[in-house]
Amino acid sequence: MRKTIITFLAFMLMVFTLGTTTYAWITIARTSQIESIMFIATLGDSLEISLDGETYYETLPKEEILKKTRYIRLTDVTSIDGKTFTHLDDNKVIEKNIEYISLDFYFRTKSKREHYVYLANNISHDIDYYNTEEKEGTFIVSRGVNYRIGFDYLYDENVILPKNELKTYYLSEAMRISTISNLEGQEVVKIFDLSGNEHRGYGKPYGGYDYYKKVTGKNLELPTIIPPTIYELSKFDPNGPFSLDDNSKLLKLDVMKDFNGETYYIGKITLNIWAEGWDADLFDPVISDRIKIQLQFKAVRN
């Protein structure tokens, strides 16, 4: 089975704010190592971030992230539940931070109101790879790779892509994000496909599936279980700090803890990022693509 490898250039910027928004920049490229990482918490003491739940920072030292991500090489993996990741060909469980990203983030705040944290404002289709500076919102975009495939294959339902036709392929269309957190006393796992394109989602009998059948000469078996995936993020009341649905509600900062005589509300998210091997848009050409991911978290009262 295929092993499409994409390695990290940088976690360029992650900004966490409470009551307004949070930005998380991750740039992935084909390179041998992570070159720079920065995590910044803003609004002073309103929100701080930690990797161990004990030592908190407004700006998380990049060397702490490098310890956990230095040797990650993304491959085409798959997950049914957003928690356990395997290879497509042998179902072997993969250790985290080798072929996919998995990081725990702890949050704390003194705020007594805005405790519910959401992934918000997907603008993936409103910008392009070269126009992401100072853009507010959540997105996954990639530069794209122009490529001619040397055989006919079923690109989409009832659509045959002819041999040697030039096409642009995008890694961003095959990426997934999952969050694992505790919400109202229960573990909540959510899988997000920011492309919003369920038609070209998981386990389709066209696209990457037919392409790799032609490449390998094997009759690959399609998965029979489709992971529950969210294609549309929550919407919010324009007149106040309230959500209109729970699509992308992630956690509530509801554990009270004393730090040096001050009381904080704290919470934790496990964030996983991977290239979904069963996505219809996971092709060999994306091995040389560049991708940018920005995550915007919004904290509201409910």
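Residues numbered from 1 in each chain as written. Predicted model: local features only at pLDDT ≥ 70, side-chain atom pairs only at ≥ 80, totals over all residues. Heavy atoms only, no water.

1. Side note on the overall build of the chain
Argument step 1. For the chain, the count of helices and strands is 2 helices and 21 strands.
Argument step 2. Evaluated residue by residue, the chain yields a buried proportion of 54% over its 302 residues.
Argument step 3. Summarising the internal contacts of the chain: among those between residues at least 6 apart in sequence, 70% fall at separations of at least 24.
Argument step 4. Split by element, the accessible area of the chain, about 13,900 Å² in all, is 46% carbon and sulfur. (Helix = DSSP H or I, 4+ residues; strand = E, 2+ residues; numbered from the N terminus. Buried < 20%, exposed > 50% of the residue type's maximum accessible area, 1.4 Å probe, protein only. Contact = heavy atoms within 4.5 Å. Areas by Shrake-Rupley, 256 points an atom, 1.4 Å probe, with all protein chains shown as cover.)

2. What about unusual backbone geometry?
Argument step 1. Backbone geometry places N91, a non-glycine residue, at a positive phi of 55°.
Argument step 2. You can see N91 is positioned in the loop between β8 (86-87) and β9 (101-109).
Argument step 3. Classification of N91 by relative accessible area gives exposed; the value is 57%.

3. Digging into the nonpolar core
Argument step 1. Counting residues in hydrophobic clusters, the biggest one holds 52 residues, and the most contacted among them are Y153, M175, I177 and I293.
Argument step 2. Looking at this core, the element that brings in the most residues is strand β20 (residues 262-276), giving 6 residues.
Argument step 3. Y116, A120, L183 and V188 belong to the second-largest nonpolar core, a separate cluster that totals 7 residues. (Core = buried A, V, L, I, M, F, W, Y, C linked by side-chain atoms within 4.5 Å.)

4. Structural notes on the confidence of the model for the chain
Argument step 1. On average, residues of the chain score 80 in pLDDT, and 83% of them are at 70 or above.
Argument step 2. The secondary-structure element of the chain with the lowest mean pLDDT is strand β3 (residues 36-41), recorded at 35, while strand β13 (residues 153-156) shows the highest, at 97.
Argument step 3. This model gives residues 3-45 a pLDDT under 50, and the stretch forms 176 contacts once residues within four places in sequence are excluded. (pLDDT = per-residue confidence, 0-100.)

5. Quick look at the environment of I230
Argument step 1. Looking at the element boundaries, I230 is found in the loop between α2 (208-216) and β18 (249-252).
Argument step 2. On the accessibility criterion, I230 (18% relative accessible area) is buried.
Argument step 3. Between the C-alpha atoms of I230 and S248, which are 18 residues apart in sequence, the distance is 8.0 Å.
Argument step 4. For I230, the residues in contact, after removing those within four places along its chain, are K190, I191, F192, D193 and N247.

6. A look at the environment of V188
Argument step 1. Relative to the helices and strands, V188 is located in strand β17 (residues 186-192).
Argument step 2. Note: C-alpha distance between V188 and K249 (61 residues apart in sequence) is 9.4 Å.
Argument step 3. Residues contacting V188, with those up to four places away along its chain left out, are T179, I180, S181 and L183.

7. Observations regarding the packing of aromatic side chains
Argument step 1. Inspection of the entire model under this criterion finds 15 aromatic pairs.
Argument step 2. Three or more aromatic residues joined by ring pairs make a cluster, and in this case those are F151, Y153, Y155, Y169, Y211, Y212 and F283.
Argument step 3. The ring centre of F259 lies 4.5 Å from the NZ or CZ of R108, which sits over that ring.
Argument step 4. Between the NZ or CZ atom of R200 and the centre of the ring of Y155, over which it lies, the distance is 4.1 Å. (Phe/Tyr/Trp six-rings, centres within 6.5 Å; stacked < 30°, edge-to-face > 60°. Lys NZ or Arg CZ within 6 Å of the ring centre and 35° of its normal.)

8. As for the pairing of strand β19 (residues 255-259)
Argument step 1. Bridge count for β19 against β20 is 5 bridges, and the pairing is antiparallel. Note that in β20 the partner of M256 across the bridge is Y265.
Argument step 2. Taking the residues between adjacent antiparallel strands as the criterion, β19 and β20 are bridged by 2 residues, where N260 takes a positive phi near 50°. (Pairing = 2+ DSSP bridges.)

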